[in-house]
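# Descriptive analysis of the structure
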Amino acid sequence: MKGAKPKPRHLRVVNGNAGKRPLPEDGHRLESVYAPAPGHLDDYARMAWEELVPVLVKVGTFTSLDHHALEQYCQIYSRWRRAEEALKAEEADTYETHGKQGTMKRARPEVAIIAECIRLMRSVGSEFGLSPVARLRLGDVGQGDFFNAFKKLDQKE
């Protein structure tokens, strides 16, 4: 779909309703519960799953409908890690070919795989708030207590 992603109702209330149109209801909220990693994931993907799921459950952004999307993210993460290791083993980002036009330097295939994996991880990860900008869009600024104006009110003197 084209256009900006719709804002959740609570963000539209906070930011103001410039268009003065009726605010939509947020819809049903599914329970956020832990799920074990699927059995077919390799070690890197399983490691990513075990790191991410507890945190996503804690903030309430992982539900039963999100398993496949997170599985995709973890598989892409695994592919990225394996490509990085292969590139490190070669100890060079380029290789030389010799042909009719002489010697040419070319980028290793792993470089393109890494770039594509990073692009896909950003795309899929933004749906779960896995970057600072994505968390802002989800409404979780997460600046810690330093910027919490209400911290003084919560403390007993």
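Described below are features of the structure shown in this document. Chains are numbered independently. Their residues run from 1 in the order of the written sequence. With pLDDT at 70 or above as the cut-off, local features in this predicted model cover only qualifying residues; side-chain atom pairs require 80 or more to be listed or tallied, and sums for whole chains, interfaces and linings still use all residues. Hydrogen atoms and water are omitted, and side-chain values are computed over all heavy atoms in the structure.

### Quick look at the packing of helix H3 (residues 67–90) against helix H4 (residues 109–128)
Two numbers describe how H3 lies on H4: the axes approach to 9 Å, and their chain directions differ by 155°. With respect to each other, H3 and H4 are oriented roughly antiparallel. Judged by the sense of rotation from one axis to the other, the crossing of H3 with H4 is left-handed. Residue-level inspection shows Ala69, Leu70, Tyr73, Ile76, Tyr77, Arg79, Trp80, Ala83, Glu84, Ala86 and Leu87 of H3 in contact with H4, the latter providing Glu110, Val111, Ile113, Ile114, Cys117, Ile118, Leu120, Met121, Val124, Gly125 and Phe128. The classification used treats Ala, Val, Leu, Ile, Met, Phe, Trp, Tyr, Cys and Pro as nonpolar, Asp, Glu, Lys and Arg as charged, and all other residues, Gly among them, as polar. Looking at the contact of H3 with H4, its residues break down into 18 nonpolar, one polar and three charged. Only the stretch in contact is used when a helix axis is fitted, and all axes are lines through C-alpha atoms; the angle between N-to-C directions ranges over 0 to 180 degrees. Only DSSP runs of H or I reaching four residues or more are called helices, and only runs of E reaching two or more are called strands; each is numbered from the N terminus. Here the word oblique covers every angle except those under 35 degrees (roughly parallel), over 145 (roughly antiparallel) and from 65 to 115 (roughly perpendicular). Each crossing gets its handedness from the near helix: less than a right angle anticlockwise from the far helix is left-handed, clockwise is right-handed. Two residues form a contact once any of their heavy atoms are found within 4.5 Å.

### Some points on the nonpolar core
Definition used in this section: a nonpolar core is a set of buried Ala, Val, Leu, Ile, Met, Phe, Trp, Tyr and Cys residues joined via side-chain atoms within 4.5 Å. Whether a residue is buried, partly exposed or exposed follows from its accessible area with a 1.4 Å probe, protein chains only, as a fraction of its type maximum: under 20%, in between, or over 50%, in that order. Ranked by size, the top nonpolar core spans 20 residues in total, and within it Trp49, Leu56, Phe62, Leu70, Tyr73 and Cys74 carry the most contacts. Only helix H2 (43–59), H3 and H4 provide two or more residues apiece to this core. Sort the elements by how many residues they give to this core and H2 lands first, with seven residues. Apart from residues no more than four positions distant in its own chain, Trp49 is found in contact with Ala35, Pro36, Ala37, Pro38, Leu41, Pro54, Phe62, His67, Leu70, Glu71 and Cys74.

### Some words on the pattern of salt bridges
We define a salt bridge as a contact between a side-chain nitrogen of Lys or Arg and a carboxyl oxygen of Asp or Glu at a distance within 4 Å. Under the criterion given, the structure shown has four salt bridges. With a closest N to O distance of 2.6 Å, Glu116 and Arg119 form a salt bridge. One end of the pair is Glu116 and the other is Arg119, both in helix H4 and three residues apart, which spans about a single turn. When its relative accessible area of 35% is taken as the criterion, Glu116 is described as partly exposed.

### Regarding the packing of aromatic side chains
Centre-to-centre distance and the angle between the planes together describe a pair of aromatic rings. Centre distance within 6.5 Å is the pairing criterion for rings of Phe, Tyr and Trp, where only the six-membered ring of Trp is used; planes under 30 degrees apart are then read as stacked, over 60 as edge-to-face, and the remainder as tilted. Applying the stated criterion to the full structure yields two aromatic pairs. Where Trp49 meets Phe62, the ring centres are 5.8 Å apart and the plane angle is 90°; that geometry is what we call edge-to-face. Residue Trp49 is located in helix H2, and its partner Phe62 is located in the loop between H2 and H3; the two are separated by 13 residues in the primary sequence. Given a relative accessible area of 1%, Trp49 falls into the buried group. With a centroid separation of 5.6 Å and an interplanar angle of 50°, the aromatic rings of Tyr77 and Trp80 are classed as tilted. With Tyr77 and Trp80 both in helix H3, this residue pair falls three residues apart, about one helical turn. When its relative accessible area of 15% is taken as the criterion, Tyr77 is described as buried. With a relative accessible area of 21%, Trp80 lands in the partly exposed category.

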